[in-house]
Amino acid sequence: MSSENIVHPSEIESQLTTIWDSLQGKGKTRASLFNLIIYSNLNTRTDYLYEISQKLIEKFPSRIIFITVDDKAPSETLKTSVSVISSESENSETACDFINILLSKDSEERAPFLILPHLLTDLPIYLLWADDPSKNDPTGQKLEKLATRVIFDSESTDHLGDFASALLKHKDNSGSDIADLNWARIEGWRTLLAETFNSKEKLSDLSTLSQMKIFYNCTENNFFCHTKIQALYLQTWIATQMNWEFTKSKKHEENTHFYYKNAGKEVELILVPTNKKNVAPGRLISIEITTEKKDTFQIKRKEDQPHVIDVEYSTPNFCQLPFQFIFDRYESGQTLVKEIFHKGTSNHYLKMLNTLSKFEDRDLL
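These numbers come from a predicted model, not from an experiment. (Residues numbered from 1 in each chain as written. Predicted model: local features only at pLDDT ≥ 70, side-chain atom pairs only at ≥ 80, totals over all residues. Heavy atoms only, no water.)

All right, on to the overall build of the protein chain then. Per the secondary structure count, the protein chain includes 12 helices and 17 strands. In terms of C-alpha radius of gyration, the protein chain reaches 23 Å, essentially the compact-globule figure of 21 Å for 365 residues. With the C-alpha coordinates aligned to their principal axes, the bounding extent of the protein chain is approximately 75 × 45 × 35 Å. Here the analysis covers contacts within the protein chain between residues at least 6 apart in sequence; of these, 71% occur between residues at least 24 apart. Counting only carbon and sulfur atoms, one obtains 48% of the accessible surface of the protein chain, whose full area is about 17400 Å². Distance from the positive charge centre (42 side chains) to the negative charge centre (52 side chains) of the protein chain: 5 Å. (Helix = DSSP H or I, 4+ residues; strand = E, 2+ residues; numbered from the N terminus. Rg over C-alpha atoms; globule rule 2.2 N^0.38 Å. Contact = heavy atoms within 4.5 Å. Areas by Shrake-Rupley, 256 points an atom, 1.4 Å probe, with all protein chains shown as cover. Lys, Arg positive; Asp, Glu negative; His and termini not counted. Charge placed at Lys NZ, Arg CZ, Asp CG, Glu CD.)

Right under this line is the structure:
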């Protein structure tokens, strides 16, 4: 990354040109596949957002406009700076423009006007809205109207039901495609389940399950504290796709139990927190499924290779040879890459949000 140059907003483009002129002959090529706006209040996750923006350009160069609102900054604060960032890979020849805008709370309404001159024409515009969209935020609403695709992060909310309702409204009001980083983080598990139950016989087993346990990593860090969300997403997605009817939820010790009706029979889905040091916070660890016939599916990460998933199926009479499913190795920033390059808005995601929006807070705590 080049040194950060603090400039007047009117000098952003000229200063970037000056930086690039200084890089002539140093083997760096200016490149941008799209515009990425990152919009967030200044908080403990700001460093994480910087980190994923760095990881993003390692695979896909883009012009990044990073807007931070600091509610503790002096009135009428407006600070703009520019730099050039490049991949940390020694073999990379590409580098990207990075425009950083810091605003006080009373100045944040200026953000859309500040960035408009710096959006590269004829390129898609992606907005990573890193704060809770269920809270009134006129600036965020204006920014999303500029975007081709708006990516949210449910980690930002303390009320998942309100978050789900807000996203459905954003989809209707903005007309933009929407996405969610936590939805992307369970993509591998959704694909795994779809491939495991890809025959009529196996789908029949799933439709007659009596209990499912979903184990997730409850270890927190400075960037992730809502570690149950991915497990909630997976169980809600399964129930929605299977057309089960939610009846109640309850807490028993540390576990959360969800109960559904399936053709007059009760289905129990249990979310079980566990601690894993070699897996990112909130990530799913394993799934245990038991059917009415006492058939079982054990789907779990390998202890020494957590990106490798073992799938075991057994009945009271025989055990099938296990098979393995390989996930992408976890790397900060790659979830954002996946969500940027998905097309449209997932209908499965919208259906899941609709179900979640009907839950009460006590169901999701």
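This paragraph deals with the nonpolar core. Among soluble globular proteins, nonpolar side chains are generally buried collectively. Ranked by internal contacts, the top residues of the largest apolar core, which has 75 residues, are I67, M212, Y233, L234, W244 and Y349. Ranked by residue count, the leading element in this core is helix α9 (residues 229–241), at 8 residues. When sequence neighbours within four positions are dropped, the list of residues in contact with Y349 reads F163, L167, I178, D180, W183 and Y233. Among the nonpolar cores identified, the runner-up in size contains 23 residues, and I38, L128, I151 and F224 belong to it. (Core = buried A, V, L, I, M, F, W, Y, C linked by side-chain atoms within 4.5 Å. Buried < 20%, exposed > 50% of the residue type's maximum accessible area, 1.4 Å probe, protein only.)

Next up on the list: the side chain of S176. In this structure, S176 sits in the loop between α5 (160–174) and β9 (177–180). There is a polar contact of 3.3 Å between the side chain of S176 and the backbone oxygen of E144. A distance of 3.0 Å separates the side chain of S176 from the backbone oxygen of A147, its partner in a polar contact. S176 has contacts with E144, A147, T148, V150 and K171, leaving out every residue within four places of it along the chain. (Polar contact = N/O pair within 3.5 Å; in protein donor to acceptor, adjacent residues only side chain to side chain.)

Where α5 meets helix α11 (residues 347–356), the closest approach of the two axes is 8 Å, and the angle between their N-to-C directions is 130 degrees. On the basis of the axis angle, α5 is oblique to α11. You can see that α5 and α11 cross each other, and the crossing is left-handed. Contact with α5, carried on its side by L160, G161, F163, A164, L167, L168 and K171, involves Y349, L350, L353, N354 and L356 of α11 and no other residues of that element. Looking at side-chain class alone, the contact of α5 with α11 contains 9 nonpolar, 2 polar and 1 charged residues. (Axes fitted to C-alpha atoms, helices over the stretch in contact; angles between N-to-C directions. Parallel < 35°, antiparallel > 145°, perpendicular 65-115°, else oblique. Left-handed = near helix turned anticlockwise from the far one by under 90°. Nonpolar A, V, L, I, M, F, W, Y, C, P; charged D, E, K, R; others polar.)

Another point: the pattern of salt bridges. Taken as a whole and assessed by the stated rule, the structure comprises 12 salt bridges. The shortest N-O distance in the salt bridge between E108 and K105 comes to 3.1 Å. For K105, a relative accessible area of 44% translates into the label partly exposed. Between R185 and D153 there is a salt bridge, with the nearest N and O atoms lying 3.5 Å from each other. Pair noted here: R185 is in helix α6 (residues 181–185) and D153 is in the loop between β8 (149–152) and α5, with a separation of 32 residues, a long-range link. Here R185 and D153 have matching classes, each one buried. Overlapping salt bridges, with partners in common, bring together E13, R30, R63 and D97 in one network. (Salt bridge = Lys/Arg side-chain N within 4 Å of Asp/Glu carboxyl O.)

Attention now moves to the packing of aromatic side chains. The tally for this structure, following the rule as stated, stands at 20 aromatic pairs. Judged by centre distance (6.3 Å) and plane angle (50 degrees), the rings of W244 and Y260 are tilted. Of this pair, W244 sits in the loop between α9 and β11 (245–252) while Y260 sits in strand β12 (residues 255–262), and the two are 16 residues apart along the sequence. Taken as a pair, W244 and Y260 share a single burial class, namely buried. One aromatic cluster in this structure is built from W244, F246, F258, Y260 and F359. (Phe/Tyr/Trp six-rings, centres within 6.5 Å; stacked < 30°, edge-to-face > 60°.)

Taking strand neighbours across the sheet as the criterion, the 8 strands line up as β11-β12-β13-β10-β14-β15-β16-β17 in an open arrangement whose pairing is mixed. Only two strands of the sheet have a single partner each, and these edge strands are β11 and β17 (323–326). Between one strand axis and the next, the sheet turns by 15 degrees as a mean value, whatever way the strands run. As paired elements, strand β10 (residues 209–217) and strand β14 (residues 284–291) share 7 bridges and run antiparallel to each other. For M212, the partnering residue across the bridge sits in β14 and is I289. Packing of helix α8 (residues 200–207) onto the sheet brings it into contact with β10, β12, β14, β15 (296–301) and β16 (308–314), and relative to β10 it is tilted by some 85 degrees. Packed on one face of the sheet, α9 meets β10, β12, β13 (265–274) and β14 and runs near 155 degrees to β10. (Pairing = 2+ DSSP bridges.)

Taken as a whole, helix α7 (residues 187–196) has its buried residues at W189, R190, L192, L193 and T196. The arc enclosing the buried residues of α7, seen along the axis, measures out at 160 degrees, which places them on a common side. (Arc of directions from axis to C-beta.)

A few words on the packing of α7 against α9. In the contact formed by α7 and α9, the axes pass within 10 Å of each other and the chain directions differ by 35 degrees. Relative to α9, the crossing made by α7 is right-handed. Counting all contacts with α7, which are made through W189, R190 and L193, the residues of α9 involved are L234, W237 and I238. Residue composition of the contact of α7 with α9, by class: 5 nonpolar, no polar and 1 charged.

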